[in-house]
Amino acid sequence: PDSVIDTPQTWLVGTKRVRDEHPHPQMTVSEIIQKSSNVGAVKMAMTLTPQQFWEVLNRAGFGQKPGSGFPGETSGRLRDADSWKPVEQATMAYGYGLSVSLLQLSRAYMAFANDGEVMPLSFLKREPQEMVGERVFSPSVAREVRAMMETVTQEGGTGTRTRVPGYRVAGKTGTAHKVVNGRYAPDRYLASFI
């Protein structure tokens, strides 16, 4: 969380320019999450091989059906790492180039709430002994990420309006350009918080 990364306003990956709207010359990993830095996320993701990055996304449940049994479940889209270009790995670091359902996203973030373990999804009440989870992150890593995600809701974070008095709230904001006529609109956005 305290590792410092140089985060210029723009960063070139191949011919693609990654940009931060609110730049800071340097940020810690925790600040990159808190302030939702695309440049910082890309620089961290590019330290992994495509296969390593794919494995993290796959372990989190992306590219596969969530397994709730609910009709209409989708696997989303996570292409094989062998076909990635560097720019695709970069844009996936901040949420572009893959597609996920709300159920997949909720399942993935459950790992941070549950000390690194993802529990099976169900719309039916189950007995605790039926709920056998899958470890996707170590408990210490999950706790560190959860603590960093709490800073998103605190002063200086991008999700301060999600605070709930008397509760600890951790999460992550997202902002995506909307697609209009097959192109990303420069002035239309979809905002999210999980």
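Everything below is about the structure printed above this text.
Not measured: the values here are computed from a predicted model.

A. Examining the overall build of the protein more closely. Counting secondary structure elements, the protein contains six helices and eight strands. Secondary structure of the protein in N-to-C order comes out as β-β-β-β-α-α-α-α-α-β-β-α-β-β. Relative to the compact-globule value of 16 Å for 194 residues, the protein shows a C-alpha radius of gyration of 17 Å, a close match. When the backbone C-alpha atoms are referred to their principal axes, the protein occupies close to 50 × 40 × 30 Å. Nonlocal contacts in the protein, meaning residues at least 24 apart in sequence, comprise 50% of its contacts between residues at least 6 apart. By element, 53% of the accessible surface of the protein is carried by carbon and sulfur atoms, the whole surface being about 12,000 Å². Looking at charge distribution, the protein has the averaged site of its 23 positive side-chain charges lying 6 Å from that of its 19 negative ones.

B. Just the packing of helix 5 (residues 102-113) against helix 6 (residues 139-150), in detail. Close contact between helix 5 and helix 6 brings their axes to 7 Å; oriented N to C, the two are set at 105°. Overall, the two elements helix 5 and helix 6 adopt an arrangement that is roughly perpendicular. Along its contact with helix 5, which presents Tyr 109, Ala 111, Phe 112 and Ala 113, the element helix 6 presents Ala 142, Val 145, Arg 146 and Met 149. Here the contact of helix 5 with helix 6 is composed, by residue class, of seven nonpolar, no polar and one charged.

C. Seen up close, the packing of aromatic side chains. With the rule as written, the count across this model stands at six aromatic pairs. Judged by centre distance (4.7 Å) and plane angle (45°), the rings of Phe 70 and Phe 123 are tilted. Of the two residues, Phe 70 sits in the loop between helix 3 (50-59) and helix 4 (86-92) while Phe 123 sits in the loop between strand 5 (117-118) and strand 6 (134-135), which places them 53 residues apart along the sequence. In this structure Phe 70 comes out as partly exposed when scored by relative accessible area, which is 49%. Aromatic pair Tyr 109 and Phe 112: ring centres 5.9 Å apart, planes at 75°, arrangement edge-to-face. Residue Tyr 109 and its partner Phe 112 are both found in helix 5; the two are separated by three residues, about one turn of the helix.

D. Representation of the pattern of salt bridges in the model. Under the counting rule described, the total for this entry stands at eight salt bridges. A salt bridge links Arg 135 to Glu 117; its shortest N-O distance comes to 3.3 Å. Of this pair, Arg 135 sits in strand 6 while Glu 117 sits in strand 5, and the two are 18 residues apart along the sequence. Linked through salt bridges whose partners overlap, the residues forming this network are Asp 115, Arg 143 and Arg 146.

E. Spotlight on unusual backbone geometry. Unusually for a residue other than glycine, Ser 36 sits at a positive phi of about 60°. Along the chain, Ser 36 falls in the loop between helix 1 (29-35) and helix 2 (38-45).

F. Expanded view of the pairing of strand 2 (residues 10-13). As paired strands, strand 2 and strand 3 (residues 16-19) are joined by four bridges and run antiparallel to one another. In the strand pairing of strand 3, Trp 11 is matched with Val 18.

G. Highlighting the side chain of Arg 107. Among the secondary structure elements, Arg 107 is positioned in helix 5. Of the polar contacts made by the side chain of Arg 107, one reaches the backbone oxygen of Ala 60; its length is 3.4 Å. Once residues lying within four places of it in the same chain are set aside, the contact partners of Arg 107 are Arg 59, Ala 60, Gly 61, Pro 66, Val 118, Leu 121 and Glu 134.

H. Up close: helix 6. With 12 residues, helix 6 extends 16 Å from end C-alpha to end C-alpha; this agrees with the ideal 16 Å at 1.5 Å per step. All buried positions along helix 6 are accounted for by Ala 142, Val 145, Met 148, Met 149 and Glu 150. Contacts made by the buried residues of helix 6 are with helix 1 and helix 5.

I. Layout of the environment of Ala 111. Along the chain, Ala 111 turns up in helix 5. For the pair Ala 111 and Ala 60, spaced 51 residues apart in the sequence, the C-alpha separation amounts to 7.8 Å. Setting aside chain neighbours within four positions, we find Ala 111 in contact with Gly 116, Glu 117, Val 118, Val 136, Phe 137 and Ala 142.

Rules behind the numbers
- Residues numbered from 1 in each chain as written.
- Predicted model: local features only at pLDDT ≥ 70, side-chain atom pairs only at ≥ 80, totals over all residues.
- Heavy atoms only, no water.
- Helix = DSSP H or I, 4+ residues; strand = E, 2+ residues; numbered from the N terminus.
- Rg over C-alpha atoms; globule rule 2.2 N^0.38 Å.
- Contact = heavy atoms within 4.5 Å.
- Areas by Shrake-Rupley, 256 points an atom, 1.4 Å probe, with all protein chains shown as cover.
- Lys, Arg positive; Asp, Glu negative; His and termini not counted.
- Charge placed at Lys NZ, Arg CZ, Asp CG, Glu CD.
- Axes fitted to C-alpha atoms, helices over the stretch in contact; angles between N-to-C directions.
- Parallel < 35°, antiparallel > 145°, perpendicular 65-115°, else oblique.
- Nonpolar A, V, L, I, M, F, W, Y, C, P; charged D, E, K, R; others polar.
- Phe/Tyr/Trp six-rings, centres within 6.5 Å; stacked < 30°, edge-to-face > 60°.
- Buried < 20%, exposed > 50% of the residue type's maximum accessible area, 1.4 Å probe, protein only.
- Salt bridge = Lys/Arg side-chain N within 4 Å of Asp/Glu carboxyl O.
- Pairing = 2+ DSSP bridges.
- Polar contact = N/O pair within 3.5 Å; in protein donor to acceptor, adjacent residues only side chain to side chain.
- Expected span 1.5 Å × (residues − 1).

Purely geometric stuff here, so don't read any function into it on its own.
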